[in-house]
Amino acid sequence: AQTVTQSQPEMSVQEAETVTLSCTYDTSESNYYLFWYKQPPSRQMILVIRQEAYKQQNATENRFSVNFQKAAKSFSLKISDSQLGDTAMYFCAFMNLNSGYALNFGKGTSLLVTP
Amino acid sequence: ETGVTQSPTHLIKTRGQQVTLRCSSQSGHNTVSWYQQALGQGPQFIFQYYREEENGRGNFPPRFSGLQFPNYSSELNVNALELDDSALYLCASSTQFAELYGYTFGSGTRLTVV
């Protein structure tokens, strides 16, 4: 079984600053994908960024980037130039293609962006 | 392009009752998954349907069942409701290439069992 750990229940950052959310996972598989999802108060999960395990290059989507350390099984999310609209729960998720396409989520990090 | 819609948005049921939750997939998606999100927790995978067949199931008892229809919409049925079934139920749809494009989630149904 795969486990996903987010060790920071809550974080706070000032507008325009940079923040990094941590995620570690445990797996013996080699073919997997990693995701960060954002869940604002509207409750809808929104895909922020994804990473293929076989790619060494870190994924980037505008202000969002990841630091993927495969050997350390670490997948952190960096948000640059934080905006008030980034306030939300952030979930790290793991998908192992050898056991279906289910997402295995961490418990989440609550991010508050302050003016 | 419409997203994933779920109904109802909120529901209150009594322990022992049965409930049906509904989900309309995003246009062009043929795979539907259901997740249970307890308060303060990450979503937990219940099951997934692809072309009307269940093709994956999480660690949930048989009283959690589902259907997918030819138009790829889906239902989640829960029998003999228990207090611990109180949660946000999320529906997510995708193409068969969920690993490439991720899932599109609905806003969920908040189920309260009293």
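Source: prediction; values computed, not measured.

With that settled, the discussion passes to the sheet that holds strand S8 (residues 74-78) of chain B. All names here are of chain B. Reading across from one edge, S1-S3-S8-S7 is the order of the four strands in this open sheet, with antiparallel pairing throughout. Strands at the two margins of the open sheet, each flanked by one partner only, are strand S1 (5-7) and strand S7 (64-68). For this sheet, the mean inter-axis angle between neighbouring strands, taken without regard to orientation, is 20°. Alignment of S7 against S8, held across five bridges, turns out to be antiparallel. Across the sheet, residue Leu-67 finds its bridge partner in S8, namely Glu-75.

Let us look at the nonpolar core. One finds Tyr25(A), Trp36(A), Phe75(A), Leu77(A) and Tyr90(A) to be the most contacted residues of the largest nonpolar core, which totals 25 residues. Elements with a minimum of two residues in this core: strand S3 (19-21), strand S5 (32-39), strand S6 (46-52), strand S8 (64-69), strand S9 (74-79), strand S10 (88-96) and strand S12 (109-114) of chain A. Of all the elements, S10(A) adds the most residues to this core, at four residues. Setting aside its immediate chain neighbours within four residues, Phe75(A) contacts Cys23(A), Tyr25(A), Leu34(A), Phe35(A), Trp36(A), Gln51(A), Val66(A), Asn67(A), Phe68(A) and Cys92(A). Counting 20 residues, the second-largest nonpolar core is a separate cluster that includes Cys23(B), Tyr49(B), Tyr89(B) and Val113(B).

Right, let's talk about the interface of chain B and chain A for a bit. Across the contact, 25 residues belong to chain B and 19 residues belong to chain A. In total, chain B and chain A occlude about 1,800 Å² of area from one another, counting both sides; carbon and sulfur atoms represent 52% of this. Area buried by chain B at its contact with chain A is led by Glu99(B), Tyr103(B) and Phe105(B), which between them contribute 33% of it. Here chain B and chain A share zero salt bridges between them. Linking chain B with chain A are nine residue pairs in polar contact (both at pLDDT 80 or more). Secondary structure elements with two or more residues in the side of chain B that touches chain A: strand S4 (31-37), strand S5 (44-50), strand S9 (87-94), helix H1 (98-101) and strand S11 (109-113) of chain B. Broken down by element, the residue count for the side of chain B that touches chain A peaks at four residues, all from H1(B). Tallied by class, residues from the side of chain B that touches chain A come to ten nonpolar, 13 polar and two charged.

Thresholds, definitions, all that
- Residues numbered from 1 in each chain as written.
- Chains lettered and ligands numbered in written order.
- Predicted model: local features only at pLDDT ≥ 70, side-chain atom pairs only at ≥ 80, totals over all residues.
- Heavy atoms only, no water.
- Pairing = 2+ DSSP bridges.
- Helix = DSSP H or I, 4+ residues; strand = E, 2+ residues; numbered from the N terminus.
- Axes fitted to C-alpha atoms, helices over the stretch in contact; angles between N-to-C directions.
- Core = buried A, V, L, I, M, F, W, Y, C linked by side-chain atoms within 4.5 Å.
- Buried < 20%, exposed > 50% of the residue type's maximum accessible area, 1.4 Å probe, protein only.
- Contact = heavy atoms within 4.5 Å.
- Buried area = accessible area lost by both parts, 1.4 Å probe.
- Salt bridge = Lys/Arg side-chain N within 4 Å of Asp/Glu carboxyl O.
- Polar contact = N/O pair within 3.5 Å; in protein donor to acceptor, adjacent residues only side chain to side chain.
- Nonpolar A, V, L, I, M, F, W, Y, C, P; charged D, E, K, R; others polar.

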